[in-house]
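Residues per chain are reported as follows:
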Amino acid sequence: MTVLMVLLSLSPAHAAAPTDRWHTLERQWFDTVGMAEGLPHSITTALAEDRDGLLWIGTMGGLARYDGYHMRVFEQASATATGLPDTYVRTLLALPDGGLLVGTNAGGLTRFDPQTGQFHNYPVGAGGTGSRKIYALSPDGDHGVWVATDSGLDRLDLRNDRIEPIPTGGEAAPRDFTVYQDRSGNVWLGNNKGLFVRYAGSADFVRPPHPAGVVDQILRSEIWAVREDAEGRLWVGSVQMGTLYREADGSWRMVPGFSGYAGEAQQATVRDFLEVAPNRMWIATDGDGIVTYSPGDISTRVIAQDTSLPSSLPGNTVRALLLGQAGNVWAATDLGAARSNASANIAFSLLPAADPAHSLSNPNVRSVYVDASGRIWLGMAVGGIDIIDPVDATVRHLRLDGKQARRDVQSLSEAPDGSIWVGTQGLARIDPVTLTLKGSILPELDGGPVLSLLRLGPYMLIGTYNGAYRYDTRNGQLIHYGHVANQPDSLGSDTVHQIVRVGTSIWYATNNGISIARDPLQTSGFVNLARREGDSGSLPQNLVDSIAVDTRGRIWVGTLGGLAMLPNGDASPWRFQRFGMEAGLVNDKITALLPDDNGNVWVSTSNGISVVDGNSLRIRNLGIRDGRHIVSYIYAAAARAPDDTLLFGGLGGLTVVRPLRYRTDVPQAPLRFTNALADGHPLPLPADHGTLALSASQRSLRVDFALLDYQAQQETDYSYRMDGFDSDWIDVPKGTLPSAIYTNLPHGQYVLHLRAVPRGLHAHTVESQLDIYVAPLWYETLWARLLGIVLALALVVLLVHLRTLYLRHSATQLQAQIDAHTRELLAANRRLDLLASTDELTGVSNRRRFLELAEGVRCDASSMPACIALLDLDRFKLVNDEHGHLAGDAVLRTAAGVICQQLRTGDLVGRYGGEELVLCLPNDTSEQAMAVAERIRSKLRSTLIRHEGRAISITVSIGVAELRPGESMNSWLSRADAALYESKHHGRNRCTLAS
């Protein structure tokens, strides 16, 4: 493509409508799905959206199914699995039954069955496709699909899965790059030798009528893409000579600058077409991005990669385009699948970019002003001033110099002579014609920032951190006025954020409320409105950043404590109605206010933009789905353009809001179940209104789901609830994938309910449900239970009868013996139990008894935590050597007693061997167990043991291990022992948690 076309990508030329002054500045915003999201290869080659709205992405390394959150990858089949015949996917076609046809580069054609989750591979050769290389697929409108291959054209009958070759005549070459059937039934064939057509009712492919010259040259070249638009135009794309289109009347039209060779240079290969809006065509190219064109325009526009903008098209090689059910446009590029919303958003962001004539100079917009001619002036950080011309929608850039260089531009206003005053560190002035900038026009103000400016007839009112000033442009008189201590009718504060005309009065927004001047020229005698503790009708907070009046005369005030409104306008008594986060605002820190023509008030806050409905006072928030991509607005930078566009400056750029584009007919995306796993194994999802069935042995279930609009994941709230299992909705935590997970499901019938709430101006609730059936095990069936009950009853009756006979026969003979031996047996049992289970020295459980009890805890800990702690008395051998073994015994007894005092009822303690003791702490997490261990360690450290008049101190090293799911007792103890070794190794007298 020529240099001209490259420049067009930087300077968009055509406008969608004469009244859309912003079209040239509005850049398409793309979000990219790449390898970081799970794609098997960065080069994407084909796109399709199936019946349920799931996105399928073909790549050079496999096929992926994507729901906006979860990526399932299908790769080449192994010898024992049914999968793709080739990982290089060239073309995709969604089928009415929810399945998918996949054309590969070297593996032929395959069909995905959504019921089984497997692929059916078609043969190549006799009874199959003419070649292993499949270029294109197109429905024929009669339960069939046209298949363009490297060796000719085939037709697949979807009813019987039979493939037959279709003769294309002697003039066409064997290699077919594309095939397309239009609404009239004509079959168009893009061939190695040009374009051919088989008209409806005919069996022969012929060249369509066309004029000589460039049109003939294009139509006889290699044709790669064919598509019909809503008006019946046929668009044809070639490998080297660009594109052209055929009107419904049969006449051919060329695309300016993109039909025929560009001088001696070849055009970029046209890969695909997509009509993204009525009479608006996107043309995918191989290397030049996306060319956009509307029939009748004098030029094209190019959507290309801008490496300075992460939101631009990720790559300039675009192999496929797709318009999704939710209004998304997808582009298959070399760096992933890019998603954009081609429809008219209510908002968009103007950012810094590589094209200075159509972008900002700085991402930090501090102030916004619209002059009498409609020019938009943007005050930027570090001394920048950007000017947006409403005539040609270009951006000019100025920069402060001298001692005002690199100072933020915090306010702007038009003076009586038409010049633009710039509030920065002092004041500067810009000539409106020559754009010549003069600095320090009022030296008296050079000492501090100028926060606000308001023209009032021949006067300029100036707000600073040092009070307010009135400057008379006729004679240069400058009058200063501000806050005077102990003078309640002086200016409320010396910090004046904004000065606004309300009727015939002047309202000053200050750090201490609002000061009202009934006479615009007064410098004292203000009426001051401030927050009064306990008075809900006063201001919600005293720091006021902005004031605005809506079309109904209501006065709105933005403070750092919320939004306030005077329903009766400037009328005493001033009683405010407050709106905060509890009413729906995204934040209580209000920075700017802009009313629109419908009585609504748009509000920027420190982290978003909201709108208050003028009638209902209901608050909605502008979201990513609406086109807002800038998140922070910390300055009172806002203005209204003559075309009713609202402009908000933020940290990141300029947000342009067009209230007139608010739509109520936005497509509603479905909430779908996208994947199911039972015990970790995939389950086929049922068709609509079907039931997800789990076998008797499958009791753990994970169901993935998603709102299939693929937008603003962070602004979508998900929850789920299963009837008969959950008592309330379970919220999906922010930042996690939307999945419903259940373990140990009892057999039975369930209904899983899903809910998604996408935020934004069109916030709504979407719900869906899935029937689930868990089959019973054989002993859980009704017949097995009835049989078990009958057998149990019969056994009980038999046992009772036999026992009765036995007791009657033996009662007399045995009664005496039983009475005599009962006492002896009880005493012996008590002694045996004590000897068998108790450590004689310490009085705690011996090792065997402890391990029996701990094993019971381990077996019962499937749903609750449990921990084991191994304790070893430090340098115990030294105690025996220095004080004797009797002293060592005393130490062990005392240590065991101290440990038992720190434990709860139900905790287990035993002597593990020598100087080692062991604890089992049921229902304790690792954090709780470490706290118990630390108490024991501390208590033993402070305990003095006296033996034969000598004091013995002792410390202990402890290793703690929390039971892992399915872990054996030996493994559990080994990890605790390893942690004990770490305590010993790192100096003893410490507690260590096993990894």
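- Naming follows an unreviewed UniProt entry, where the chain appears as diguanylate cyclase of Rhodanobacter hydrolyticus.

1. Topic: the overall build of the chain
1) Next: For the chain, the helix and strand inventory stands at 8 helices and 71 strands.
2) Next: Here the chain has a C-alpha radius of gyration of 40 Å; the compact-globule value for 995 residues is 30 Å, and the former is much larger.
3) Next: Considered along the principal axes of its C-alpha atoms, the chain spans approximately 120 × 100 × 55 Å.
4) Next: Within the chain, buried positions represent 54% of all 995 residues.
5) Next: For the chain, the proportion of contacts with a sequence separation of at least 24, taken over those separated by at least 6, is 54%.
6) Next: Summed over all atoms, the accessible surface of the chain reaches about 43500 Å², with 52% contributed by carbon and sulfur.
7) Next: In the chain, 89 positive and 105 negative side-chain charges are present, and the distance between their average locations comes to 5 Å.

2. Brief notes about the nonpolar core
1) Next: Core analysis: the biggest nonpolar cluster contains 46 residues, and Leu692, Tyr718, Leu752 and Ile772 have the highest contact counts within it.
2) Next: Looking at this core, the element that brings in the most residues is strand E59 (residues 701-707), giving 5 residues.
3) Next: Beyond its immediate stretch of four places on either side in the chain, Tyr718 contacts Tyr69, Leu671, Phe705, Ala706, Leu707, Ile730, Asp731, Val732, Pro738, Arg755 and Ala756.

3. Considering the pairing of strand E34 (residues 420-424)
1) Next: Among the 5 residues that make up E34, 5 are buried, leaving the element largely enclosed by the rest of the structure.
2) Next: Residue alternation in E34 divides its side chains into two sets, Ile420, Val422 and Thr424 and Trp421 and Gly423, and both sets are buried.
3) Next: In this sheet, E34 lies alongside strand E33 (residues 411-414) in antiparallel orientation, the contact comprising 4 bridges. When the sheet's bridge partners are listed, Glu414 is paired in E34 with Ile420.
4) Next: As judged from the 5 bridges shared by E34 and strand E35 (residues 426-430), these two strands associate in the antiparallel manner. Residue pairing across strands places Ile420 opposite Ile430, the latter belonging to E35.
5) Next: Linkage of E34 to E35, two consecutive antiparallel strands, is achieved through a turn of 1 residue.

4. Looking at the sheet that holds strand E21 (residues 270-277)
1) Next: With respect to topology, 4 strands assemble into an open sheet ordered E21-E22-E23-E24, the strand pairing being antiparallel. A single partner strand is all that each edge strand has here, and the edge strands are E21 and strand E24 (301-303). When the angles between neighbouring strand axes are averaged without regard to direction, this sheet yields 25 degrees.
2) Next: For E21 and strand E22 (residues 280-285), the ladder comprises 6 bridges, and the chain directions are antiparallel. Bridge pairing in E22 links Leu274 to Trp282.

5. Some points on helix H8 (residues 969-985)
1) Next: Between the first and last C-alpha of H8 there are 24 Å, a value that for 17 residues agrees with the 24 Å anticipated at 1.5 Å per step.
2) Next: Within H8, burial applies to Met969, Trp972, Leu973, Arg975, Ala976, Ala979, Leu980 and Ser983. Along H8, the residues classed as buried sweep out an arc of 160 degrees about the axis, all on the same side. Counted as exposed and oriented over 90 degrees from the buried face of H8: Asn970, Tyr981 and His985.
3) Next: Summarising the contacts, the buried residues of H8 are in contact with helix H4 (847-859), strand E65 (866-873), strand E66 (908-913), strand E67 (916-922), strand E70 (956-962) and strand E71 (991-993).

6. A closer look at the packing of H4 against H8
For any two helices packed against each other, the geometry is given by the interaxial angle and the distance between the axes.
1) Next: At a minimum axis separation of 11 Å, H4 and H8 run at an interaxial angle of 105 degrees. Overall, the two elements H4 and H8 adopt an arrangement that is roughly perpendicular. Across the interface between the two elements, Leu851, Ala854, Glu855 and Arg858 of H4 pack against Met969, Trp972 and Leu973 of H8.

7. Focus: the side chain of Asp874
1) Next: As for its placement among the helices and strands, Asp874 is situated in the loop between E65 and helix H5 (876-883).
2) Next: Within the structure, the side chain of Asp874 is placed 2.6 Å from the side chain of Lys984, a separation counted as a polar contact.
3) Next: When residues no more than four places from it in sequence are discounted, the contact partners of Asp874 are Ile954, Thr955, Val956, Ser957, Lys984, Arg988 and Asn989.

8. Looking at the pattern of salt bridges
1) Next: Enumeration according to the criterion identifies 49 salt bridges in this entry.
2) Next: The closest approach of N and O atoms between Asp717 and Lys734, which form a salt bridge, is 1.8 Å. Within this pair, whereas Asp717 is found in strand E60 (residues 716-722), its partner Lys734 is found in the loop between strand E61 (730-731) and strand E62 (739-742), the two being separated by 17 residues in sequence.
3) Next: Judged by its relative accessible area of 27%, Asp717 falls in the partly exposed class.
4) Next: Under the relative-accessibility criterion, Lys734 is labelled exposed at 56%.
5) Next: Between Glu852 and Arg849 there is a salt bridge, and its shortest N-O distance comes to 3.3 Å.

9. A few points about the packing of H5 against helix H6 (residues 885-901)
1) Next: Interhelical geometry of H5 versus H6 gives an angle of 140 degrees and a closest axis separation of 6 Å. In terms of axis orientation, H5 runs oblique to H6. In contact with Phe876, Val879, Asn880 and His883 of H5, H6 contributes His885, Ala887, Gly888, Val891 and Leu892.
2) Next: Taken together, the residues of the contact of H5 with H6 sort by class into 5 nonpolar, 4 polar and no charged.

What counts, and at which threshold
Residues numbered from 1 in each chain as written. Predicted model: local features only at pLDDT ≥ 70, side-chain atom pairs only at ≥ 80, totals over all residues. Heavy atoms only, no water. Helix = DSSP H or I, 4+ residues; strand = E, 2+ residues; numbered from the N terminus. Rg over C-alpha atoms; globule rule 2.2 N^0.38 Å. Buried < 20%, exposed > 50% of the residue type's maximum accessible area, 1.4 Å probe, protein only. Contact = heavy atoms within 4.5 Å. Areas by Shrake-Rupley, 256 points an atom, 1.4 Å probe, with all protein chains shown as cover. Lys, Arg positive; Asp, Glu negative; His and termini not counted. Charge placed at Lys NZ, Arg CZ, Asp CG, Glu CD. Core = buried A, V, L, I, M, F, W, Y, C linked by side-chain atoms within 4.5 Å. Pairing = 2+ DSSP bridges. Axes fitted to C-alpha atoms, helices over the stretch in contact; angles between N-to-C directions. Expected span 1.5 Å × (residues − 1). Arc of directions from axis to C-beta. Parallel < 35°, antiparallel > 145°, perpendicular 65-115°, else oblique. Polar contact = N/O pair within 3.5 Å; in protein donor to acceptor, adjacent residues only side chain to side chain. Salt bridge = Lys/Arg side-chain N within 4 Å of Asp/Glu carboxyl O. Nonpolar A, V, L, I, M, F, W, Y, C, P; charged D, E, K, R; others polar.

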